[in-house]
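Secondary and tertiary structure notes
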Amino acid sequence: MTERNVRLTDSKPSPSNQNYSVKYTKLFKLFILISIYRLANAWMIRTQFDPDEYWQTLEPAYCLAFSNKTATAPLSLHPQQKYGCALTWEWTRRKKDISPVETQDTSSFQKIILTRLHGPVRSYVSILPTYWYYLGCRSIFQWAANDDDDNGSILNKKNSSGNSRQSYTTKFFSNAKQFVRQQSTYLISKGPVFLHALTVAVPTDLSVWIIASRLERLAVSHNHHDIKSGKNNAAHVHWWQSWASCALIFTITSWFNGYALIRTYANSIETMLLMAGIALLGPELFDDVSVVKENQLCRHRLQARIAFVLGGLSACVRFTSLAAWIPIGIIIVLRKNTTAKQKLATLFGLCAANGLLGVLLGCCVDRYFFGFWAVPFLGNFHFNAILGLGSLYGTHPMLWYIYAGIPAICGIALPMFVWEVLLLLRKSRPRTNDAEGIRPRLTVFWIIASYTILHSFTEHKEFRFLLPVLPLMFILAGHAMVKLLRGIIHQRGPISANAVLASIMKKAAQQDKSNNQFSVHYLMGCHSAPAYSHLHVADVIVDVDYLDCSPGCRSNKDLICESDAFSNDPYEFLHSAYATPLEGECNHEDSIDTPSYTESQHKRIPSFVIIMQEDASTTEELLFGKWNATLVASVRHSITSISWHRQTRNNDELSLLSLIDIHFEHMEIYSTLAK
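So, here's what we can say about the structure. Since this is a predicted model, take the numbers as computed values, not measurements.

A few points about the overall build of the protein chain
- Looking only at helices and strands, the protein chain features 27 helices and eight strands.
- Buried positions account for 46% of the 675 residues belonging to the protein chain.
- Sequence-distant contacts, at least 24 apart, represent 76% of the contacts inside the protein chain between residues at least 6 apart.

As for the environment of Ile 326
- Its location among the elements puts Ile 326 in helix H15 (residues 322-335).
- Spatially, the C-alpha atoms of Ile 326 and Ala 352 are 9.4 Å apart, while their sequence positions differ by 26 residues.

Let's talk about the packing of aromatic side chains
- Using the criterion set out here, one finds 30 aromatic pairs in the structure.
- Judged by centre distance (4.9 Å) and plane angle (55°), the rings of Phe 49 and Tyr 259 are tilted. Pair noted here: Phe 49 is in the loop between helix H1 (20-44) and helix H2 (52-66) and Tyr 259 is in helix H11 (residues 255-261), with a separation of 210 residues, a long-range link.
- With a relative accessible area of 28%, Phe 49 lands in the partly exposed category.
- Judged by centre distance (6.1 Å) and plane angle (35°), the rings of Phe 66 and Phe 141 are tilted. Taken together, the residues span a long stretch of sequence, with Phe 66 in helix H2 and Phe 141 in helix H6 (residues 128-145) at a distance of 75 residues. Here the two residues Phe 66 and Phe 141 agree in accessibility, since each one is buried.

Re helix H21 (residues 470-489)
- Taking 1.5 Å of rise per residue, the 20 residues of H21 would be expected to cover 28 Å, and the 27 Å separating its terminal C-alpha atoms lies within 8% of that figure.
- In the stretch just after H21, Gln 491 is the one whose phi turns positive, near 60°.

Focus: the pattern of salt bridges
- If you walk through the whole model with that rule in mind, you get 11 salt bridges.
- Here Glu 420 ties to Arg 441 by a salt bridge, and the two come within 2.6 Å at their closest N and O atoms. Residue Glu 420 is located in helix H19 (residues 414-427), and its partner Arg 441 is located in helix H20 (residues 439-456); the two are separated by 21 residues in the primary sequence.
- Here Arg 441 falls in the buried class, since its relative accessible area comes to 10%.
- Between Glu 462 and Arg 464 there is a salt bridge, and its shortest N-O distance comes to 2.8 Å. As far as burial versus exposure is concerned, Glu 462 and Arg 464 are alike and both buried.
- Through salt bridges with shared partners, a single network forms among Asp 50, Asp 52, Glu 462 and Arg 464.

Concerning the side chain of Thr 452
- Assignment of secondary structure puts Thr 452 in helix H20.
- A relative accessible area of 3% means that Thr 452 is categorised as buried.
- Only 2.8 Å separates the side chain of Thr 452 from the backbone oxygen of Ile 448, close enough to count as a polar contact.
- Once you skip the residues sitting within four places of it in the chain, Thr 452 turns out to touch Tyr 401, Ile 402, Ile 406 and Leu 466.

Comments concerning the packing of helix H14 (residues 302-317) against helix H16 (residues 340-370)
- Relative orientation of the contacting elements H14 and H16 amounts to 45°, with a least axis distance of 7 Å. Relative to H16, the element H14 is oriented oblique. The element H14 and its partner H16 pack so that their crossing is right-handed. Between H14 and H16, the residues in contact are Ala 304, Arg 305, Phe 308, Val 309, Gly 312, Leu 313 and Cys 316 and Gly 349, Leu 350, Cys 351, Asn 354, Gly 355, Leu 357, Gly 358, Val 359, Leu 361 and Gly 362, respectively.

Overview of H16
- The terminal C-alpha atoms of H16, which comprises 31 residues, lie 42 Å apart, in line with the 45 Å expected from a rise of 1.5 Å per residue.
- Residue Ala 352 marks the point of greatest curvature in H16, where the axis turns by about 30°.
- After H16 finishes, the residue Gly 371 shows a positive phi value of roughly 90°.

What to know about the state of the cysteines
- Counted under the stated rule, the structure contains one disulfide.
- At a sulfur-sulfur separation of 2.0 Å, the disulfide partner of Cys 63 is Cys 85. Because the sign of the S-S torsion sets the handedness, a value of about 105° for the bond joining Cys 63 and Cys 85 places this disulfide among the right-handed ones. With a gap of 22 residues between them, Cys 63 in helix H2 and Cys 85 in the loop between H2 and helix H3 (89-92) connect regions that are remote in the sequence.

What counts, and at which threshold
- In this numbering scheme, every chain counts its residues from 1 along its sequence in written order.
- Restriction of local features to residues with pLDDT of at least 70 applies here, the model being predicted, together with a cutoff of 80 or more for giving and counting side-chain atom pairs; totals for whole chains, interfaces and linings are based on all residues.
- The basis for every side-chain value is the complete set of non-hydrogen atoms in the structure, without hydrogens or water.
- Strands are runs of DSSP state E lasting at least two residues, helices are runs of H or I lasting at least four, and both sets are numbered from the N terminus onward.
- With a 1.4 Å probe rolled over the protein chains alone, any residue whose accessible area is under 20% of its type maximum counts as buried; one over 50% counts as exposed, and the rest are partly exposed.
- Two residues form a contact once any of their heavy atoms are found within 4.5 Å.
- Each aromatic pair joins two rings of Phe, Tyr and Trp (for Trp, the six-membered one) with centres within 6.5 Å, and gets the label stacked for planes under 30 degrees apart, edge-to-face for over 60, and tilted for any other angle.
- Any helix carries an expected span of 1.5 Å times its number of residues minus one.
- When a carboxyl oxygen of Asp or Glu is within 4 Å of a side-chain nitrogen of Lys or Arg, the pair counts as a salt bridge.
- What qualifies as a polar contact is a pair of N or O atoms within 3.5 Å, subject to a donor-acceptor requirement within protein and to the restriction that residues adjacent in sequence count only when both atoms come from side chains.
- Every angle, taken between N-to-C directions, lies between 0 and 180 degrees, and every axis is a line fitted to C-alpha atoms, over only the stretch in contact when it is a helix.
- Note on angle classes: values under 35 degrees are labelled roughly parallel, values over 145 roughly antiparallel, values of 65 to 115 roughly perpendicular, and the remainder oblique.
- If you view the pair so one helix is near and one far, a crossing is left-handed when the near helix is turned anticlockwise from the far one by less than a right angle, and right-handed when it is turned clockwise.
- Bend, at a single residue, is the angle you get between axes fitted to the 7 residues ending at that residue and the 7 residues starting at it.
- Note that a disulfide, as used here, is simply two cysteine sulfur atoms within 2.5 Å.

Have a look at this one:
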C-alpha cells in the first residue's frame, strides 16, 4: 500500500454520489473559457475557405431578412427589407426542370416523390441561427435609422447659466446609433461567424469533453472490477492527466477546427448536431448493459429521444449524416440485453420514430421558408447519389480520405489517433481479455469508420466533409495521449531511480571487483518502489531495506509504523533509527511519534538512500553533515503542475517551446560511499 508521503499517485477516492451542482458549475466555467477562446478564434479568421460558407448560409439568410425579392416575402414588408438577394441553384432548383415525358405515366404519389427529388438540395434548418441573428440586426438597424432630431426626442437640459447641453443618456444613444450605422457591414458579414463560434463550435467542444469524461469513468470502473457493484472508483486527477482534458486540448487546438468549424458551413451545424446527440446518448451507446435494471431496458430516456430528433434535423441539413446516425441506432439496438421484440421496439420506438420527428420538424421549417412542401435531403440525394453530378465539382480516388483527408485534418493528433486505432483493432479480437474493456472506444471507432467508408464511395470529396467525425478522432487520440503521459512521463521515478542505482553499482564494481556489496534504503512509503528485481547486477550483492508498514504495526495501537514515523518527522526518524543520539542532544526515543530503537536495533547507514525531494530538504543537515552523503542523482517522478513559461526557471521544470512549464516532483539519490 502506498503512503501519502510517497506521492506515487495524486489521487483520492471520489464520493460515490456525484454532486451535480459542482458538475454543472464546472461545465459552466468550461463553457465561459471555451467561449472566450472561440470568439478570439472567430476574430482571427479573416480569409475565405470555400464559397459554400457564404452561399449555404449568409446569402439565403440575408435574402429572408433584408430582401423584398424572395418568393415568401410577406405583403407587408419590414422597412429594412429593401435590399437585393442572391441565391444559388441549390435553393432555386424546382420541378419545372423535369421533362413532361418523365411524369406522364406516374401515379400521384410517384409525382410527389419525383417533385421532391427534383426540388431544392439545401435546407433552411442550417441557416436558422444566422437568420435569427439577422432579424435582430434588422430591428437594431431600424432603430438606428430613426431620425430622433426631427421628432424632438433629443432631450436638452439647461444649467444654471442658461447654456443647453445634451443629456448623457441621449448622447450615449446617439453615439450607439452612429456606431451601428457605421459598423453595419461588419455586423452582417462577420457577426454570423461569432455566432457560430458560440452556438456551434463551443457546444461541439463541450460535447467532446462530456463524451471523453464518460468514457474515462467507464474505463476506471472496468479496471477496478466494480461495474456491477455500482461503485465509483474514478480517481480525482489533475486536469492535465485526464482523458477528457487531453481530448479537449486536441479539439480546441486543432488547426482544422479553428479554421473550418467556426465558419458558417452546413457541415459545422451537422458536426454540432452529431456530437451533441452522441453526448446525450452516452448511457445507451457506452454504458455496460449489465448494470441497467431490467425494468429500464425498454424505457427510453428523454435525452435519448432528443438525440435522435437532432439526428433527424441533421439528416435534413445533409443526408450524408445518416452514415453516422444509422450505425448509432444499430449499435444501440444490438447492445440491449432484450428479446427480439424489445429490440424492434427500440429500433422503431426510439431511433426511427424520433428520427422521423426530427425530419418532420425540418420539413416544416422548409415549408415555411420555401412556401411549399420540400424535402431538401431527397433533392440532395437525387443530385449527388442518383445523378452523380457532385463529380462536376471535382473528383478524388476512393481511398483519398484514408491517405490524404484524415492525415491532413488530424494534424499533430494523427500519431495518437493511428496508435489508438491499431491498439483497438488488435485488442478487439474475441479471444483478447481486454475486448470488453475497449468496447466504448470501439463504438466511437465504428462510427468514424462507417462515416468515412460511406463517404469514400462518393466521387466528390472535400476535407470539410469529414468535419463531423473529427471530434471523435480527437477523443480516441486523447486516450492515447493519456496512456503516453501516464506510461512514459508521469510517476516514472521508482523505475528511473533504480536504473540509475544499478548503473552506479555496476560501474563501481567494475572499477573495484572487491567492492561488490552495497546497501540501498528506500526512505519513502513502504513498497513504493521495486527492489531486488530492478537492482539485479551480475556479481553484485545488494541489501535492500524499506520502511515497515506491515499489518502487525498497523493493527497495534501501541506501535508506530516506520512509514508513519518517517512521514510525521523525517529528520527525527533518521536521527533515532540510524544513530545513537549525540551527547548534549535530547533523547526522543519515548516520543509518541517515533518508534523506540535500542542501540542494538539502530540501522547501519546504507550505501545509497532514495528519498523524495520534499523530505530530502528537511533532512539535508543530517545527510550532508553527520552521514557525509553526496547527492548523486535527482530523477523526475511525477508532474505536480503546469504553468505558463517564466523567465526564471528551476531545476524541477521542463519548458515546452518557451510557452509552458511542466513542474515535476523529484526523487533524490544520495550516496555515502567514500569518494
